[in-house]
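# Examining the three-dimensional arrangement
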Amino acid sequence: MAGPVVHQEDYYTPTTKPNHRPVPFWKKTQFYPLIALLCMVFYFLGAWQHNGVATTSTSNLAATIPCIPAETKTVAQSSSSLDFVAHHKAEDVRVSKEAIKTYPACDIKYSEYTPCQDQKRSLKFSRDRLIYRERHCPEKKELLKCRVPAPFGYRAPFKWPVSRDLAWYANVPHKELTVEKAIQNWIRFEGERFRFPGGGTMFPNGADAYIDDIGKLINLKDGSIRTAIDTGCGVASWGAYLMSRDILPLSFAPRDTHEAQVQFALERGVPALIGVMSSTRLPYPSRAFDIAHCSRCLIPWGQNDGAYLIEVDRVLRPGGYWILSGPPINWKKYWKGWERTKEDLNAEQTGIEKVAKSLCWKKFIEKGDIAIWQKPLNHMECKLNKKSTQNPPFCPAQNPDEAWYTSIETCLVPLPEVSDDEVAGGKLTKWPERLNAIPPRISQGTIEGVTAEVFQNNGELWKRRVSYYKSVNRQLGQAGRYRNLLDMNAYLGGFAAALIKDPLWVMNVVPVEANVNTLGVVFERGLIGTYQNWCEAMSTYPRTYDLLHADSVFTLYKDRCEMEDIVLEMDRILRPEGSVIVRDDVDILVKVKAVADGMNWESRIVDHEDGPLEREKLLFAVKRYWTAPAVPDNSGEQIN
């Protein structure tokens, strides 16, 4: 069966660098000078007809290919039809005239739709251990076949680092936290925008000063601490201020009565996901984070047989730190303000201390409002102690990196076997050398098919690919245009590593259907990421990311779910005027482009960086700006 036809107007070549190219027949003839002259005459005649400006669009190039040798095409010429610059004007929307399936706008009530954390659906599930706030995705028949609208008045976020402190009200129209957390200095409403003073419940002097206090207790400057997880993050001020210290946080909070915590975090340009400590593992591999943090995060650490601290232990790196501030720490000073009894708070702290000790953690320090525990470098001593006490026991043989709808067990995940005082799983190089050093999971041969040579070659490959991306989409190379990036099939994190010097961050996704689980390698490089099944929605709000990168995602899910559902999810989580880069087989890309056209995206298929003979091509796309209409008030005036 013949594959889909690639239409000329859908396909162009940004750069063409073949080693050998046959000479076109028309160059061989004696009429070549005359043909070239006629081409020039018609070209300038066309330019004169367009107000005298000699512009060359993609369609112009396609029409004049016989007259313009492929060797002379430039990226600047052929990419001019795609506008990667944010304009924020609703009148920019143009409707495609092609006969394609179109996807209408969803009702405005879906403006903040999070399919797998839908509040109405959650009511069907148990309140026990907050199970109702876990992921509960819609059935196939319930999937929306429409495009989630941005609220009226939506604007591009402030550029980093200004976005750390400011966000547009129209983008996240929620004032609840400005009232509920007013005295805690989380967030303030100022006319058309929100301001984030950097405060928090346990850091009234600001997150920066609070981090300074932590830095007096553990070393945050020598590169040994790079990845951090913030549980119950609020608006993620702790993570926002960590980033200025070259520490990469991943914050999470449930979708609950405190509206839009994670949405605010992402609007500020801080890595975050919707999530909750409940009955299933967090979607991260074992030994992923250098530090874990909870500042009055309201998680009952000592309850449920210590299940939540057991899960922190799983994702914490050997020698890593767990930092706790807020109840019950320093309860003797605050118990009246917390409106709890001394006995209750003392019992809570005793319970936490007991669980931490059973995990073989050591109390590193408690000073003022901050307590810090440290996980051991290995389990040699712990196993000796466990012979006399089996609470909790070590887990039987299992995959500690499996964490997609995987139940939390009340047993201690054993660390890899080592001897003496060696670091279980291998010692990590300090940041920034950690990024390109051979990750221990690879050097120890625990990732099937991935050797040190494969890792190094992959790094060089992605440097070249990202350079090519920037030649097509010049906005990618301009600081501030993109902040939140998503790599939908990250493998070893090469895409993110190649962008490490730019003021942006990348959420690296390893699909649960991937042949090899490489997310542990991503974290060992000092990057962050999560597991995801792209047949389901991501645990994030609409308009979360500025740029999506999808390498072979549609090939991976070819027989697993509908292509249009994946593209609709991409549309949901992509900002208006955000960009998409898809790498895949040309036959698949033609189908993806048809769906993208139905979403009213601007898109073009371009050649592989190695030239036109490669079947793998790239789709560059831009989501056009559009919003829900203004809502009229009773007087007939238009309001946001």
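A few points on the structure. (Residues numbered from 1 in each chain as written. Predicted model: local features only at pLDDT ≥ 70, side-chain atom pairs only at ≥ 80, totals over all residues. Heavy atoms only, no water.)

### Details of the pairing of strand β13 (residues 505–511)
Of all seven residues making up β13, seven are buried, and the element is well covered by its neighbours. Taking every second residue as pointing to the same face, both faces of β13 are buried, with Trp505, Met507, Val509 and Pro511 on one and Val506, Asn508 and Val510 on the other. In the sheet, strand β12 (residues 484–487) pairs with β13 via four bridges, with the strands oriented parallel. Bridging from a neighbouring strand, Leu485 pairs with Val506 of β13. Direction of pairing for β13 relative to strand β14 (residues 528–532): parallel, over a ladder of five bridges. Considered in β14, the bridge of Val509 is made with Thr530. For the segment spanning β13, helix α17 (residues 519–524) and β14, crossover handedness is right-handed. (Buried < 20%, exposed > 50% of the residue type's maximum accessible area, 1.4 Å probe, protein only. Helix = DSSP H or I, 4+ residues; strand = E, 2+ residues; numbered from the N terminus. Pairing = 2+ DSSP bridges. Right-handed = clockwise from strand over helix to strand, strands pointing away.)

### Here we look at the sheet that holds strand β6 (residues 248–253)
Strand order in this open sheet of seven strands is β7-β6-β5-β8-β9-β11-β10, and the pairing throughout is mixed. Either end of the sheet is taken by a strand with one partner, and the two such strands are β7 (272–274) and β10 (362–367). Strand after strand, the sheet turns through a mean of 20 degrees between neighbouring axes, direction not considered. Each of β8 (289–295) and β9 (316–325) is contacted by helix α10 (residues 307–315), which is oriented at about 135 degrees to β9, the strand it contacts most. (Axes fitted to C-alpha atoms, helices over the stretch in contact; angles between N-to-C directions. Contact = heavy atoms within 4.5 Å.)

### With respect to the packing of aromatic side chains
A complete count under the given rule lists 22 aromatic pairs for this structure. Taken together, a centroid distance of 6.2 Å and an interplanar angle of 80 degrees make the contact between Trp462 and Phe495 edge-to-face. Remark: Phe495 occurs in helix α16 (residues 494–498) and Trp462 occurs in helix α15 (residues 452–472); sequence separation between them is 33 residues. An aromatic cluster of at least three residues, connected via ring pairs, comprises Tyr169, Phe189, Phe194, Phe196 and Phe264. Across the ring face of Trp626, the terminal group of Arg147 is positioned such that the distance to the ring centre comes to 4.6 Å. Over the ring of Trp462 we find Arg465; its NZ or CZ atom is 4.8 Å from the centre of that ring. (Phe/Tyr/Trp six-rings, centres within 6.5 Å; stacked < 30°, edge-to-face > 60°. Lys NZ or Arg CZ within 6 Å of the ring centre and 35° of its normal.)

### Section: the nonpolar core
Counting 132 residues, the largest nonpolar core has Tyr284, Trp301, Trp322, Tyr469 and Leu486 as the members making the most contacts within it. Considering every element that reaches this core, the biggest residue donor is helix α20 (residues 586–598), with six residues. The contacts of Tyr469, once residues within four sequence positions are left out, are Trp462, Leu476, Phe495, His549, Ile581, Arg583, Leu618 and Phe620. One finds Ala167, Val172, Ile187 and Val235 within the second-largest nonpolar core, a separate group that totals nine residues. (Core = buried A, V, L, I, M, F, W, Y, C linked by side-chain atoms within 4.5 Å.)

### Description of the sheet that holds strand β2 (residues 166–168)
Strand order across the open sheet formed by three strands is β2-β4-β3, with antiparallel pairing between neighbours. Sheet topology places β2 and β3 (188–190) at the edges, where each strand pairs with a single neighbour. Geometrically, the sheet is characterised by an average inter-axis angle of 30 degrees between neighbouring strands, direction not taken into account. As defined by bridge partners, β2 adjoins strand β4 (residues 193–195) across three bridges and the pair is classed as antiparallel. Bridge pairing in β4 places Trp168 opposite Arg193.

### Re the state of the cysteines
Scanning the entire structure with this criterion turns up six disulfides. Put simply, Cys294 and Cys297 are joined by a disulfide, and their sulfur atoms are 2.0 Å apart. The S-S bond linking Cys294 to Cys297 shows a torsion near -95 degrees; that makes this disulfide left-handed. The burial state of Cys294 is the same as that of Cys297; both residues are buried. (Disulfide = S-S within 2.5 Å.)

### Points about the pattern of salt bridges
Evaluated as defined, the whole model comprises 39 salt bridges. Residue Lys430 is joined to Asp222 by a salt bridge in which the shortest nitrogen-to-oxygen separation is 3.3 Å. In this pair, Lys430 sits in the loop between α13 (380–386) and α14 (440–443) while Asp222 sits in the loop between α7 (207–215) and β5 (227–231), placing the two residues 208 residues apart along the sequence. The class for Lys430 is partly exposed, based on a relative accessible area of 42%. A salt bridge links Glu569 to Arg572; the shortest N-O distance between them is 2.8 Å. Taken together, the residues span about one helical turn, with Glu569 and Arg572 both in helix α19 (residues 563–573) at a distance of three residues. Here Glu569 and Arg572 have matching classes, each one buried. Each of Arg465, Asp551, Arg583, Glu609 and Glu616 takes part in one network of salt bridges that share partners. (Salt bridge = Lys/Arg side-chain N within 4 Å of Asp/Glu carboxyl O.)

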